[in-house]
Protein chains: 2
Amino acid sequence: MDIQFLLRTPLFLGAAPEELESLLAAMEATQRRFPRGEGILRAGEDTARFYLVLSGGVTVEHHDAWGNRTILGHVAAGEVFAETYACLPQQSMMVSAVASQETVLLSLNAAALLTHSCPSRDLILTNLLRITAEKNLALSRRIFYTSSKTIRGRLLSYLSDQAVLQGSLTFSIPFDRQQLADYLGVDRSALSNELSKLRREGLLTTRKNRFSLLTQADLP
Amino acid sequence: MDIQFLLRTPLFLGAAPEELESLLAAMEATQRRFPRGEGILRAGEDTARFYLVLSGGVTVEHHDAWGNRTILGHVAAGEVFAETYACLPQQSMMVSAVASQETVLLSLNAAALLTHSCPSRDLILTNLLRITAEKNLALSRRIFYTSSKTIRGRLLSYLSDQAVLQGSLTFSIPFDRQQLADYLGVDRSALSNELSKLRREGLLTTRKNRFSLLTQADLP
DNA sequence: CTCCATTTGTTGTTAAAACAACATACTTAT
DNA sequence: ATAAGTATGTTGTTTTAACAACAAATGGAG
């Protein structure tokens, strides 16, 4: 296990290398590998465990009765998911988690945290509070992206926000076209169509998951 | 100040009456009254304070550049808001808060919590963690309600969920029609129209903010 | 009670996205 | 290198909601 990596994650940030070991033991940390596309957690299950992504990535999604998929967000390496449900053990999952690529997870038992017998309890608690607050912002953002009634508006609000968050007009997104459509709540073919229009109008270029937003200076 | 009321709120739940006073002092608690419709917090501001609703109610909303309103949620008496931003002081507000009726708030300084010098720190921290986790669920639900592409689908998912959450097929919602439209991300007149259809089809009845979902047994 | 203001409901038109079906481009394995 | 499978792009049709403008109902204030 890469201790240096763990110490830089939002969950363990601020921990001393020595205390990390006892923490991992107290939380019954176990490692597990998932191939691309494999389900990790299903809606309806209860879980007292939450997960830290060691490598790869995970999408958090919801499937309605007719099979329509809604993507709530993407969890990258170093981040955690299912911590909401681990904090509220009485709640059963409303979402599923799926490996969006070959992924290695660290599974952690939250019960130790919620009882008073955890080493570094205060540190992990404040870190978890920060993490859930950040997730609130991520969910709020996803709501803003889908608040426009037009596909173009949704795309531009999402993409320009990504440019800001990633600090560059050229950036990658963690979704393919179908996933982006399910994240923005629109039809995939209509999304592709709108992207083509934006390209034709010289507002952006795309190459797979990589987008470049063009400014006046980029025009011919 | 109604101590008994405070001790039953999710924020102070589990506190001893004696420690509540020192807590309120440490968090520099001050009370303030807002008439219906008045803005409490504006998007763009920073805030290290968060707010507990003593009476009344607050809507959390977002206004885009064209003046379109998106409602993220409603905060009822006993609940708190802006705690996300209080936990992440570097973030400026993406949303505004508006009194949806005559409202009395308790304003609290979060700085005391985040430093290590707070009485009952552990209790408030775990309570806040639970609260932000619950907010995550509330935001996730709002996303699910808007995941259907039809107004009918959005209405039915919202209303049937409310029936479950409130434990009765007859229930009140904290929104008028315009607010409900802005919460579900649809046009108000189209929403009214769809509600009329649902009434005509015998699926529900409405009286102001009060809805009744009808089952087979209610049919004539 | 009456008047004014606000909220809710109704209707017709227009714009936009969903949907379906297909074409093209990319990947990956053999 | 080829073939199969997946992802992306394109086009035409249909459905649906947005929009606009107005009517009806509701709720206070004088």
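Residues numbered from 1 in each chain as written. Chains lettered and ligands numbered in written order. Predicted model: local features only at pLDDT ≥ 70, side-chain atom pairs only at ≥ 80, totals over all residues. Heavy atoms only, no water.

Student: Give me the lowdown on the packing of helix 7 (residues 177-184) of chain A against helix 8 (residues 188-200) of chain A, citing residues and values where you can.
Tutor: All names here are of chain A. Packing of helix 7 against helix 8 leaves a shortest axis separation of 9 Å and a crossing angle of 100°. Between helix 7 and helix 8, the angle falls in the class roughly perpendicular. Side by side, helix 7 and helix 8 meet where Arg177, Gln178, Leu180, Ala181 and Leu184 of the first sit next to Arg188, Leu191 and Leu195 of the second. (Axes fitted to C-alpha atoms, helices over the stretch in contact; angles between N-to-C directions. Helix = DSSP H or I, 4+ residues; strand = E, 2+ residues; numbered from the N terminus. Parallel < 35°, antiparallel > 145°, perpendicular 65-115°, else oblique. Contact = heavy atoms within 4.5 Å.)

Student: So what's going on with the protein's contact with DNA strand D? Residues and values would help.
Tutor: Looking at DNA strand D, there are 20 residues lining it, with A:Arg188, A:Ser192, A:Ser196, B:Thr150 and B:Ile151 nearest. In the environment of DNA strand D, a base oxygen lies 3.0 Å from a nitrogen or oxygen atom belonging to the side chain of A:Arg188. At a separation of 3.3 Å, a phosphate oxygen of DNA strand D approaches a polar side-chain atom of A:Arg199. Elements with a contribution of two residues or more to the surface near DNA strand D: helix 7 and helix 8 of chain A together with helix 8 (188-200) of chain B. With 6 residues, the single largest contributor to the surface near DNA strand D is helix 8 of chain A. (Near = heavy atom within 4 Å. Polar contact = N/O pair within 3.5 Å; in protein donor to acceptor, adjacent residues only side chain to side chain.)

Student: Break down the interface of chain B and chain A for me, citing the residues and quoting the values.
Tutor: Of the residues lining the interface, 36 residues belong to chain B; the matching set on chain A comes to 36 residues. Broken down residue by residue, the surface that chain B buries against chain A is led by B:Leu129, B:Ile143 and B:Phe144, which jointly contribute 20%. Here chain B and chain A share 2 salt bridges between them. In this structure, A:Asp122 engages B:Arg121 in a salt bridge whose closest nitrogen and oxygen atoms are separated by 2.8 Å. Counting every contact that joins chain B to chain A gives 5 residue pairs in polar contact (both at pLDDT 80 or more). Contributing elements (two or more residues each) for the side of chain B that touches chain A: strand 5 (69-76), helix 3 (83-87) and helix 5 (121-145) of chain B. (Buried area = accessible area lost by both parts, 1.4 Å probe. Salt bridge = Lys/Arg side-chain N within 4 Å of Asp/Glu carboxyl O.)

Student: Can you tell me about the packing of aromatic side chains, naming the residues and giving the values?
Tutor: Considering all chains together, one arrives at 12 aromatic pairs over all chains under this definition. With a centroid separation of 5.2 Å and an interplanar angle of 75°, the aromatic rings of A:Tyr145 and A:Tyr158 are classed as edge-to-face. Of the two residues, A:Tyr145 is situated in helix 5 (residues 121-145) and A:Tyr158 in helix 6 (residues 151-166); the sequence distance between them amounts to 13 residues. The class of A:Tyr158 is buried, set by a relative accessible area of 2%. An angle of 20° between the planes, with centres 5.3 Å apart, marks the rings of B:Tyr51 and B:Phe81 as stacked. Placement of the pair is B:Tyr51 in strand 3 (residues 49-55) and B:Phe81 in strand 6 (residues 80-81), with a sequence separation of 30 residues. Take B:Tyr51: its relative accessible area is 12%, and that puts it in the buried class. Here a set of aromatic residues connected by ring pairs shows up, and it is made of A:Tyr145, A:Tyr158, A:Phe175 and A:Tyr183. Taking the ring centre of A:Tyr183 as reference, the NZ or CZ of A:Arg142 above it sits at 5.6 Å. (Phe/Tyr/Trp six-rings, centres within 6.5 Å; stacked < 30°, edge-to-face > 60°. Buried < 20%, exposed > 50% of the residue type's maximum accessible area, 1.4 Å probe, protein only. Lys NZ or Arg CZ within 6 Å of the ring centre and 35° of its normal.)

Student: Which residues make up the protein's contact with DNA strand C, and what values do they have?
Tutor: Residues in close proximity to DNA strand C total 20 residues, the closest being A:Thr150, A:Ile151, B:Arg188, B:Ser192 and B:Ser196. Each atom of DNA strand C within 4 Å of the protein was classed as base or backbone; sugar and phosphate made up 66%. In the environment of DNA strand C, a phosphate oxygen lies 2.7 Å from a nitrogen or oxygen atom belonging to the backbone of A:Ile151. Counting residues per element, the ones that place at least two in the surface near DNA strand C are helix 8 of chain A together with helix 7 (177-184) and helix 8 of chain B. Among the elements that line the surface near DNA strand C, the one with the most residues is helix 8 of chain B, at 6 residues. In terms of residue class, the surface near DNA strand C is made up of 3 nonpolar, 8 polar and 9 charged. (Nonpolar A, V, L, I, M, F, W, Y, C, P; charged D, E, K, R; others polar.)

Student: How would you sum up the pairing of strand 7 (residues 96-99) of chain A? Please name residues and give values.
Tutor: Residue and element names in this part refer to chain A. Along strand 7, one buried face is formed by Ser96 and Val98 and the opposite face, lined by Ala97 and Ala99, is buried too. Where strand 2 (residues 39-41) meets strand 7, 2 bridges bridge the pair, whose relative direction is antiparallel. Looking at strand 7, one finds that Leu41 is bridged to Ala97. By the bridge criterion, 4 bridges tie strand 4 (residues 57-63) to strand 7 in an arrangement that is antiparallel. (Pairing = 2+ DSSP bridges.)

Student: Requested: an account of the pattern of salt bridges, with residues and values cited.
Tutor: Applying the stated criterion across every chain yields a total of 18 salt bridges over all chains. Of the charged contacts in the structure, one is a salt bridge between B:Glu61 and B:Arg69, with a shortest N-O distance of 3.7 Å. Notably, a salt bridge pairs B:Lys135 with B:Glu83, separated by 3.4 Å at the nearest N-O pair. Of this pair, B:Lys135 sits in helix 5 while B:Glu83 sits in helix 3, and the two are 52 residues apart along the sequence. You can call B:Lys135 partly exposed: its relative accessible area is 24%. Salt bridges here are not isolated pairs; linked through shared partners, they connect A:Arg152, A:Glu194, A:Lys197 and A:Glu201.

Student: Let's hear about the sheet that holds strand 1 (residues 30-34) of chain B: which residues, and what values?
Tutor: Consider a sheet: its strands pair through backbone hydrogen bonds, and that pairing is either parallel or antiparallel. Residue and element names in this part refer to chain B. Spatial ordering of the open sheet is given by 1-8-3-6, a layout of 4 strands whose pairing is antiparallel. With one partner strand each, in any of the chains shown, strand 1 and strand 6 form the two edges of the open sheet. Here strand 1 pairs with strand 8 (residues 103-109) via 5 bridges, running antiparallel. Residue pairing in the sheet places Gln31 in a bridge with Leu106 of strand 8.

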